[in-house]
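Residue-level structural notes
Here are the chains, one letter per residue:
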Amino acid sequence: MDEQALLGLNPNADADFRQRALAYFEQLKISQDAWQVCAEALAQSIYSDDHIKFFCFQVLEHQIKFKYSELTEVQQQLIRETLITWLQAQMLNPQPEKTFIRNKAAQVFALLFVTEYLTKWPKFFFDILSVVDLNPRGVDMYLRILMAVDAELVDRDVVHTSEEARRNTLLKDTMREQCIPSLVESWYQILQNYQYNNSELTCQCLEVVGAYVSWIDLSLIANERFINMLLGHMSVEVLREEACDCLFEIVNKGMDPIDKTKLVESLCQVLQSAGLFSIDQEDDVDFLARFSKLVNGMGQALIASWTKLIKNGDMKSAQDALQAIEAKVALMLQLLIHEDDDISSNIIGFCYDYLHILKQLSALSDQQKANVEAIMLAVMKKLTYDEEYNFENEGEDEAMFVEYRKQLKLLLDRLAQVSPELLLASVRRVFNTTLQNWQTTRFMEVEVAIRLLYMLAEALPVSHGAHFSGDVTKATALQDMMRTLVTSGVSAYQHTSVTLEFFETVVRYEKFFAVEPQHIPTVLMAFLDHRGLRHTSPKVRSRTAYLFSRFVKSLNKQMNPFIEDVLNRIQDLLELSPPENGYQALLSSDDQLFIYETAGVLIVNSEYSAERKQVLMRNLLTPLMEKFKVLLEKLMMAQDEDRQMALADCLNHAVGFASRTSKAFSNKQTVKQCGCSEVYLDCLQTFLPALSCPLQKEVLRSGVRTFLHRMIICLEEEVLPFIPSASEHMLKDCEAKDLQEFIPLINQITAKFKTQVSPFLQQMFMPLLHAIFEVLLLPAEENDQSAALEKQMLRRSYFAFLQTVTGSGMSEVIANQGAENVERVLFTVIQGAVDYPDPIAQKTCFIILSKLVELWGGKDGPVGFADFVYKHIVPACFLAPLKQTFDLADAQTVLALSECAVTLKTIHLKRGPECIQYLQQEYLPSLQVAPEIIQEFCQALQQPDAKVFKNYLKVFFQRAKP
């Protein structure tokens with residue numbers, strides 16, 4: 001072997017050596033006999049370096065995986081012998097191999113097993129067992145090989161082809177017949193031999209039993225000698241976690257419901273008599289987490305049995321199963337309420353399913369009602385934050401608690417389905433008690449009290465948030481709690497979690513303020529002062545900005561008395577942050593967007609006259625326009641690139657804010673009706689000069705483009721005079737991305753104004769196309785994937801533009817470009833349909849072609865177009881689907897084929913018998929299509945039902961492809 005290259009296998013080697021080692025590995029993979037060198041190195045222990053040994057196994061792995069069938073019988077025998085020789089050496093070596101080498105070796109054994117067990121090596125496991133006997137190192141390898149075989153056969157995370165899945169089923173069936181009983185016996189011997197003197201091997205063996213139990217005959221494991229041994233392990237500290245997992249797998253195995261109930265019950269009796277149900281005396285949380293998972297498995301197994309028995313109508317056995325379930329509830333509750341969240345989380349499934357049973361029962365016993373209440377109290381307690389939760393810097397632990405809270409929420413929702421009255425009464429009790437003394441109560445208890453009120457909205461659902469009408473008891477209870485929330489002064493609590501929960505809840509129950517509008521000013525003040533938008537925590541300020549905009553929108557007309565006051569109070573929050581470094585604004589620019597939107601909503605939805613609305617809107621937008629002019633001048637003069645970027649960002653924010661205010665307008669309250677057209681036209685005039693700024697083009701153009709999109713919707717035709725010069729600037733020295741983002745703007749204008757913009761489109765059609773073609777023709781490096789993707793997206797945008805023009809009934813825009821240009825455009829569409837393997841673009845191209853045939857394909861169409869149909873469009877409909885890249889198993893491609901069928905149907909519709917004659921006598925014979933198939937094709941094309949032809953076309957091309 002190349003000793004120099006092997007040096008690069010060491011992780012500490014320098015980059016050149018590592019590169020060389022990689023290249024050497026690739027070379028050996030292709031080589032005919034390199035695997036033999038590696039096999040010899042392993043069998044004779046030539047190398048002591050761990051990385052080289054691992055490397056040799058990798059080469060063998062590649063040979064078995066990809067090139068095994070190329071080997072002769074003798075060579076295959078050599079691989080088998082090499083592995084057995086290596087295994088024998090393991091028991092004699094002074095030191096065991098490193099774990100990563102043992103695992104890789106086990107993988108190679110497993111690959112060979114999968115390849116040879118059914119044919120050449122039926123005694124695979126017996127041969128390995130005869131070598132390892134009960135030698136600890138041998139047993140370690142044997143168990144690792146078993147785990148690797150299980151991973152090959154049943155690992156759910158590996159995606160298998162249908163061929164592999166069939167092979168794996170056959171392997172498992174053969175193993176069950178030929179060797180599983182012997183393997184199980186070997187596991188028993190290993191466990192018996194090592195349970196008191198080698199915990200590592202015992203745990204490994206328990207893991208193997210747990211893995212295999214899911215697919216072998218359960219009676220081999222679920223019998224007295226095995227279960228007694230496993231239960232014995234449950235009281236050995238170093239074994240009990242693995243024993244727990246193993247019992248979990250046994251309980252999890254699918255079986256007859258009556259047998260399953262008996263199995264679980266017998267296990268429970270023994271576990272209980274061994275004292276394992278006394279949770280409070282156990283302080284090992286890792287074990288308890290596994291034990292909780294086991295109890296969860298047993299509970300869910302019993303519930304699955306109960307469900308099946310009910311379905312089968314066996315009421316007597318179902319009653320037994322239900323009794324068995326009820327007997328576990330006390331233990332379930334102990335685990336659910338445990339202070340360790342992992343232990344609690346592991347039992348939630350059982351808890352959830354138990355509640356589902358109760359929901360199905362016609363009446364609950366007193367004990368069941370008590371259980372429901374106990375679960376409810378447990379959930380309320382466990383929802384509480386602990387002291388360690390870091391609100392300012394949330395890490396992994398915090399994220400896990402948030403996930404755990406989501407699980408608890410599901411339990412709460414299920415509780416509401418079982419007993420909504422009880423849930424409402426319990427929440428009300430906790431809420432009222434806590435809020436009476438909120439000043440002296442710890443933050444986590446106050447937070448959870450408000451949180452529970454918040455969660456009731458989803459637990460007791462109503463349509464359109466109408467919580468305060470309908471069911472009187474519920475409406476009264478919620479109304480009382482909301483009144484307490486907004487009048488208790490708890491919004492002043494000095495903890496971010498309580499503050500945020502207060503605002504979230506107020507917004508969730510916004511309909512309350514329709515019933516008791518007298519509380520609106522109190523809540524508005526909380527939003528506007530140091531409790532909300534001016535809070536010391538940026539997190540609270542940011543969330544409040546969003547919630548405030550939602551609150552104002554939802555109150556609509558009820559905001560009328562407070563509009564001017566609110567606008568005055570938010571004045572300072574609307575200021576554009578200067579681009580100077582180190583300036584700390586109260587709100588980020590993203591948060592300010594919500595404040596601008598809120599200001600817009602207040603003005604537009606007010607009952608003021610149009611004149612007053614215009615004045616207020618002008619007051620809101622004029623500072624932005626003035627700032628914009630000053631900043632644009634500064635940008636033109638700025639030399640330093642960082643300074644340029646800061647100024648461009650600031651300009652972009654100004655445009656974004658103005659854009660956002662326009663979201664307040666609707667079909668009922670248009671810009672015109674509110675008298676605000678003039679203000680927005682002034683904004684347009686202020687912002688458009690940024691398009692001709694040579695610096696920071698991408699940022700500025702993007703902002704102005706977005707504003708134009710909004711104005712096309714809001715100002716309608718009043719925006720049209722600005723479009724030509726804006727387009728001209730945006731087409732100057734632009735890149736793929738610019739064009740790609742500019743085309744949707746033109747599409748929007750085209751689709752909205754149609755013939756109104758026809759003269760403008762005719763004028764800018766070729767300049768736009770030249771700009772697109774110029775970018776598409778730019779040479780790109782072969783491996784530059786992002787450039788290739790950009791071009792593909794631009795090509796799609798270009799075809800989408802042509803589709804919009806033809807689809808809006810404005811084919812004259814293309815027709816008036818002069819014969820040469822029209823031809824060029826048409827050829828690009830043909831090229832898009834046939835040459836580029838992009839089904840999305842191909843579909844668009846066929847839509848354009850069928851539209852053009854529909855418009856121009858008749859007897860009075862443009863001169864020469866009929867010729868073009870036969871010479872280019874008809875061939876495109878065949879050449880595209882015949883390409884190897886046209887994958888008929890892909891959904892997008894099938895859609896493209898469907899449009900191709902529409903194109904052919906449209907040609908037939910427009911040209912009639914002449915089209916059939918051309919296909920029959922000229923085109924299809926030129927493709928060497930058999931006469932009977934030609935006949936069949938033409939008949940399908942003439943069917944009145946388009947769907948028949950679409951289905952036929954797919955079959956036609958499936959047959960035509962090799």
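Please read these numbers as outputs of a predicted model, since none were measured by experiment. Counting starts from 1 at the beginning of each chain's written sequence and moves along it residue by residue. Reporting of local features is limited, given that this is a predicted model, to residues whose pLDDT is at least 70; pairs of side-chain atoms are given and counted only at 80 or more, and all residues count toward the totals for whole chains, interfaces and linings. Based on all heavy atoms of the structure, the side-chain values leave hydrogens and waters out of the count.

1. Structural notes on the overall build of the protein
The line we're drawing: Helix numbering and strand numbering both begin at the N terminus, where a helix is a DSSP run of H or I of at least 4 residues and a strand a DSSP run of E of at least 2. Burial classification: accessible surface area is computed with a 1.4 Å probe over protein chains only, and a residue below 20% of its type maximum counts as buried, one above 50% as exposed, and the rest as partly exposed. By definition, residues are in contact when any of their heavy atoms lie within 4.5 Å.
The secondary structure content of the protein amounts to 45 helices and zero strands. Projected onto the principal axes, the alpha-carbon positions of the protein cover approximately 90 × 90 × 65 Å. Taken across its 962 residues, the protein has 51% of its residues classed as buried. If you take every contact in the protein between residues at least 6 apart in sequence, the share linking residues at least 24 apart comes to 72%.

2. Quick notes on the nonpolar core
Rule in force here: Only buried residues count toward a nonpolar core. Its members are Ala, Val, Leu, Ile, Met, Phe, Trp, Tyr and Cys residues joined through side-chain atoms within 4.5 Å. As used throughout, domain bounds are those supplied by an automatic or database domain assignment.
Membership of the largest hydrophobic core comes to 342 residues, with the highest contact counts inside it found for Tyr142, Met175, Trp187, Tyr212, Phe291, Phe878 and Phe937. Viewed by domain, this core spans two of them, domain 1 (283-385 + 397-418) and domain 2 (818-961), each represented by three or more residues. With sequence-adjacent residues up to four places away left out, Tyr212 is seen in contact with Leu146, Val149, Asp150, Met175, Ile180 and Trp187.

3. Let's talk about the pattern of salt bridges
Put simply, the rule reads: One speaks of a salt bridge when a side-chain nitrogen belonging to Lys or Arg is within 4 Å of a carboxyl oxygen belonging to Asp or Glu.
Enumeration over the complete set of coordinates arrives at 48 salt bridges. Of the charged contacts in the structure, one is a salt bridge between Arg225 and Glu185, with a shortest N-O distance of 2.8 Å. Residue Arg225 is located in helix H12 (residues 224-233), and its partner Glu185 is located in helix H10 (residues 180-194); the two are separated by 40 residues in the primary sequence. Under the relative-accessibility criterion, Arg225 is labelled partly exposed at 34%. Members of the salt-bridge network, linked through shared partners, are Asp50, Lys53, Glu97 and Lys98.

4. As for the packing of helix H21 (residues 420-436) against helix H23 (residues 472-487)
Threshold: Lines fitted to C-alpha atoms define the axes, with helix axes restricted to the stretch in contact, and inter-axis angles between N-to-C directions lie between 0 and 180 degrees. Relative orientations are named as follows: roughly parallel for angles under 35 degrees, roughly antiparallel for angles over 145 degrees, roughly perpendicular for angles from 65 to 115 degrees, and oblique for any other angle. By the definition used in this description, the sense in which the near helix is turned from the far one sets the handedness, with an anticlockwise turn below a right angle giving left-handed and a clockwise turn giving right-handed. In this classification, the charged set is Asp, Glu, Lys and Arg, the nonpolar set is Ala, Val, Leu, Ile, Met, Phe, Trp, Tyr, Cys and Pro, and all remaining amino acids, among them Gly, are polar.
As a packed pair, H21 and H23 sit with axes 11 Å apart at the nearest point and diverge in direction by 20 degrees. Judged on the interaxial angle alone, H23 and H21 are roughly parallel. Considering how the two elements wind past one another, H21 and H23 form a crossing that is left-handed. Across the interface between the two elements, Leu424, Val427, Arg428, Phe431, Asn432 and Leu435 of H21 pack against Thr473, Lys474, Ala477, Asp480, Met481, Thr484 and Leu485 of H23. Its residues assigned to classes, the contact of H21 with H23 shows seven nonpolar, three polar and three charged.

5. Examining the environment of Ala736
Tracing the backbone shows Ala736 in helix H35 (residues 736-753). Using a relative accessible area of 7% as the deciding quantity, one classes Ala736 as buried. Spatially, the C-alpha atoms of Ala736 and Tyr354 are 59 Å apart, while their sequence positions differ by 382 residues. Sequence-distant contacts of Ala736, defined by excluding residues within four places in its chain, comprise Val775, Glu790 and Leu794.

6. Structural notes on the side chain of Gln696
Mapping Gln696 onto the fold places it in the loop between helix H32 (677-687) and helix H33 (697-715). Once you skip the residues sitting within four places of it in the chain, Gln696 turns out to touch Leu635, Glu641, Gln644, Met645 and Ala648.

7. What to know about the environment of Val874
Mapped onto the elements of the fold, Val874 is located in helix H41 (residues 865-882). A relative accessible area of 1% means that Val874 is categorised as buried. Among residues more than four places away in sequence, those in contact with Val874 are Val869, Ile907, Tyr918, Leu919 and Tyr923.

8. Some points on the domain arrangement of the protein
As far as domains go, the protein holds domain 1 (283-385 + 397-418) and domain 2 (818-961). Computed from C-alpha coordinates alone, the two centres of domain 1 and domain 2 are separated by 62 Å.

9. Things to note about the side chain of Glu504
With respect to the helices and strands, the residue Glu504 is situated in helix H24 (residues 496-508). A relative accessible area of 14% places Glu504 in the buried class. Beyond its immediate stretch of four places on either side in the chain, Glu504 contacts Tyr454, Arg543 and Leu547.

10. Let's talk about the packing of aromatic side chains
Heads up, the condition is: Side-chain rings of Phe, Tyr and Trp (the six-membered ring for Trp) are treated as a pair once their centres are within 6.5 Å; stacked means planes under 30 degrees apart, edge-to-face means over 60, and tilted covers the remaining angles.
Going through the model one piece at a time under the given rule, you end up with 52 aromatic pairs. Each ring, one from Phe277 and one from Phe291, has its centre 6.1 Å from the other, and the planes form 55 degrees; the classification is tilted. Note that Phe277 is positioned in the loop between helix H14 (257-273) and helix H15 (285-312) and Phe291 in helix H15, a separation of 14 residues in sequence. Like Phe291, Phe277 is buried. For the ring pair Tyr385 and Phe401, a centre distance of 5.5 Å and an interplane angle of 45 degrees mean the geometry is tilted. Placement of the pair is Tyr385 in the loop between helix H19 (366-382) and helix H20 (396-418) and Phe401 in helix H20, with a sequence separation of 16 residues.

11. Points about a negative patch on the surface
Here is the rule: Patch membership requires more than 30% relative accessible area and the absence of a salt bridge. Residues of like charge join within 9 Å; the nonpolar side chains Val, Leu, Ile, Met, Phe, Trp and Tyr join within 5 Å. Surface accessibility follows the Shrake-Rupley procedure with a 1.4 Å probe radius. Residue values consider only the protein chains on display as shielding. Positive charges are assigned to Lys and Arg, negative charges to Asp and Glu, while His and the chain termini are left out of the count. Note that the charge is assigned to NZ on lysines, CZ on arginines, CG on aspartates and CD on glutamates.
Residues Glu735, Glu781, Asp784 and Glu790 make up a contiguous surface patch of negative charge. Inspection of the secondary structure assignment puts Glu735 in the loop between helix H34 (723-731) and H35.

12. Looking at the packing of helix H30 (residues 610-637) against helix H31 (residues 641-661)
Between two packed helices, both the angle of their axes relative to each other and the distance between the axes serve to describe the pair. In contact at an axis separation of 10 Å, H30 and H31 are set at 160 degrees when each is read in the N-to-C sense. Considered as vectors, H30 and H31 are oriented roughly antiparallel to each other. In the crossing of H30 with H31, the sense of the turn from one axis to the other is left-handed. Together, Leu620, Leu621, Leu624, Phe628, Leu631, Leu632, Lys634 and Leu635 of H30 and Arg643, Gln644, Leu647, Cys650, Leu651, Ala654, Val655, Phe657, Ala658 and Thr661 of H31 make up the contact between the two elements. Grouping the constituent residues of the contact of H30 with H31 by class yields 14 nonpolar, two polar and two charged.

13. Details of the state of the cysteines
The condition that has to hold: Throughout, a disulfide means two cysteine sulfur atoms within 2.5 Å of one another.
Taken as a whole and judged by the stated rule, the model has zero disulfides. Of all cysteine sulfurs in the structure, the one in Cys205 sits closest to Cys246, which takes part in no disulfide; the separation is 8.5 Å.

14. Here's the deal with unusual backbone geometry
In this model, Asn556 sits at a positive phi of 45 degrees, which is unusual for a non-glycine residue. Residue position: Asn556 is located in the loop between helix H27 (538-555) and helix H28 (563-569). One non-glycine residue with positive phi stands out, namely Gln928, at about 60 degrees. Within the secondary structure, Gln928 sits in the loop between helix H43 (913-926) and helix H44 (931-941).

15. Details of H12
An α-helical segment advances 3.6 residues per turn. Residues three or four places apart therefore align on the same side. Listed in full, the buried residues belonging to H12 are Phe226, Ile227, Met229, Leu230, Leu231 and His233. Residues of H12 that are buried sit in contact with H10, helix H11 (199-212), helix H13 (240-252) and H14.

16. Describing H14
We apply this condition: Given the number of residues in a helix, its expected span is that number minus one, multiplied by 1.5 Å. Whenever a nitrogen or oxygen atom comes within 3.5 Å of another N or O atom, the pair is scored as a polar contact, on the condition that within protein one atom can donate a hydrogen and the other can accept it, and that pairs from neighbouring residues in sequence are kept only if both atoms are in side chains.
If you check H14, its first and last C-alpha atoms are 24 Å apart, about what 17 residues at 1.5 Å a residue would give, namely 24 Å. For H14, the elements touching its buried residues are H12, H13, H15 and helix H16 (315-336). Capping the start of H14, Asp256 holds a side-chain oxygen 3.1 Å from the backbone nitrogen of Ile258, two or three residues further along. Downstream of H14 by one or two residues, Gly275 has phi in the positive range, about 80 degrees.

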